[in-house]
Amino acid sequence: SAVISQKPSRDICQRGTSLTIQCQVDSQVTMMFWYRQQPGQSLTLIATANQGSEATYESGFVIDKFPISRPNLTFSTLTVSNMSPEDSSIYLCSYRREESYGYTFGSGTRLTVV
Amino acid sequence: SQKIEQNSEALNIQEGKTATLTCNYTNYSPAYLQWYRQDPGRGPVFLLLIRENEKEKRKERLKVTFDTTLKQSLFHITASQPADSATYLCALDKGGGSNYKLTFGKGTLLTVNP
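From a predicted model like this one, the values you see are computed outputs, not experimental measurements. (Residues numbered from 1 in each chain as written. Chains lettered and ligands numbered in written order. Predicted model: local features only at pLDDT ≥ 70, side-chain atom pairs only at ≥ 80, totals over all residues. Heavy atoms only, no water.)

Draft legend 1. Local environment of the overall build of chain B. Scanning chain B for helices and strands turns up zero helices and eleven strands. The secondary structure elements of chain B, listed N-terminal to C-terminal, are β-β-β-β-β-β-β-β-β-β-β. For 114 residues, the compact-globule estimate of 2.2 N^0.38 gives 13 Å, and chain B sits close to it at 14 Å. Dimensions along the principal axes, computed over C-alpha positions, put chain B at roughly 45 × 30 × 20 Å. Classification of the 114 residues of chain B by burial places 45% in the buried group. Counting only contacts in chain B whose residues sit at least 6 apart along the sequence, the fraction spanning at least 24 positions is 55%. Total accessible area on chain B is roughly 5,700 Å²; 46% of this is exposed by carbon and sulfur atoms. Within chain B, the 11 negative side-chain charges are centred at a point lying 2 Å from the centre of the 15 positive side-chain charges. (Helix = DSSP H or I, 4+ residues; strand = E, 2+ residues; numbered from the N terminus. Rg over C-alpha atoms; globule rule 2.2 N^0.38 Å. Buried < 20%, exposed > 50% of the residue type's maximum accessible area, 1.4 Å probe, protein only. Contact = heavy atoms within 4.5 Å. Areas by Shrake-Rupley, 256 points an atom, 1.4 Å probe, with all protein chains shown as cover. Lys, Arg positive; Asp, Glu negative; His and termini not counted. Charge placed at Lys NZ, Arg CZ, Asp CG, Glu CD.)

If you want it as structure tokens, here you go:
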């Protein structure tokens, strides 16, 4: 299966600023996903990103706060905008494997907002 | 609303024994049920997938059962080893076009004692 690289691995940011997280896959994939994992919680889907169309956001997540880009079939970014301490979390990207229907995840970005 | 419950937050077993983890769900009709392993500071790693029309799946020391009537999956690790210590996540996927996305349980932290 394709390897997925995510960066940065961690960051400490000031409130009110924005952070862009990048995910690169070493082969073309159709569907990419962005998740949030808050401390002690499970993963929650933020949005699905398909190339050539706008991202589809889950309930409770909006484009102004979490804009997503998917310029091609190997790359996606998630921006966390106008951050507050409540945004402190781990953010993960993933893609769905066509051959097995399992999902491959990046190693995550640990974000701390101070 | 949809709910996925992994009935143990933590499970401690002795090396060599079989670990059994449980996943129950309500208000959901998944096409696929998946199990993932997550180590601290890492993204989830896909282990096994079982389809709605399958009862059991095996892979090396891992076995998954799926009962759509009970809305339950059991995940077994036989001959457990300390290296199996991790958080195990149950995830449901409705499948099919825009429905492809994972919904996760909170996970069970498995500790295998030597």
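Draft legend 2. Examining the packing of aromatic side chains more closely. If you walk through the whole model with that rule in mind, you get 13 aromatic pairs over all chains. Where phenylalanine 61 of chain A meets phenylalanine 66 of chain A, the ring centres are 5.6 Å apart and the plane angle is 65°; that geometry is what we call edge-to-face. Take phenylalanine 61 of chain A: its relative accessible area is 8%, and that puts it in the buried class. Take phenylalanine 66 of chain A: its relative accessible area is 4%, and that puts it in the buried class. Ring centres of tyrosine 25 of chain B and phenylalanine 66 of chain B lie 6.3 Å apart, and the angle between their planes is 55°; on these two criteria the pair is classed as tilted. (Phe/Tyr/Trp six-rings, centres within 6.5 Å; stacked < 30°, edge-to-face > 60°.)

Draft legend 3. Geometry of the interface of chain A and chain B. Each partner contributes residues to the interface: chain A has 19 residues there, and chain B has 20 residues. Here chain A and chain B share an interface that buries about 1,600 Å² over both sides, 55% of which is from carbon and sulfur atoms. In terms of surface lost to chain B, no three residues of chain A exceed Ser42, Tyr101 and Tyr103 of chain A, which account for 30% of the buried area on that side. One salt bridge in this structure joins lysine 101 of chain B and glutamate 58 of chain A, with 2.9 Å as the shortest N-O distance. At the junction of chain A with chain B, the criterion picks out eight residue pairs in polar contact (both at pLDDT 80 or more). Mapped by element, the contributors of at least two residues to the side of chain A that touches chain B are strand E4 (31–37), strand E5 (43–50), strand E9 (89–96) and strand E10 (103–105) of chain A. Per-element tally for the side of chain A that touches chain B: the top contributor is E4 of chain A, with four residues. (Buried area = accessible area lost by both parts, 1.4 Å probe. Salt bridge = Lys/Arg side-chain N within 4 Å of Asp/Glu carboxyl O. Polar contact = N/O pair within 3.5 Å; in protein donor to acceptor, adjacent residues only side chain to side chain.)

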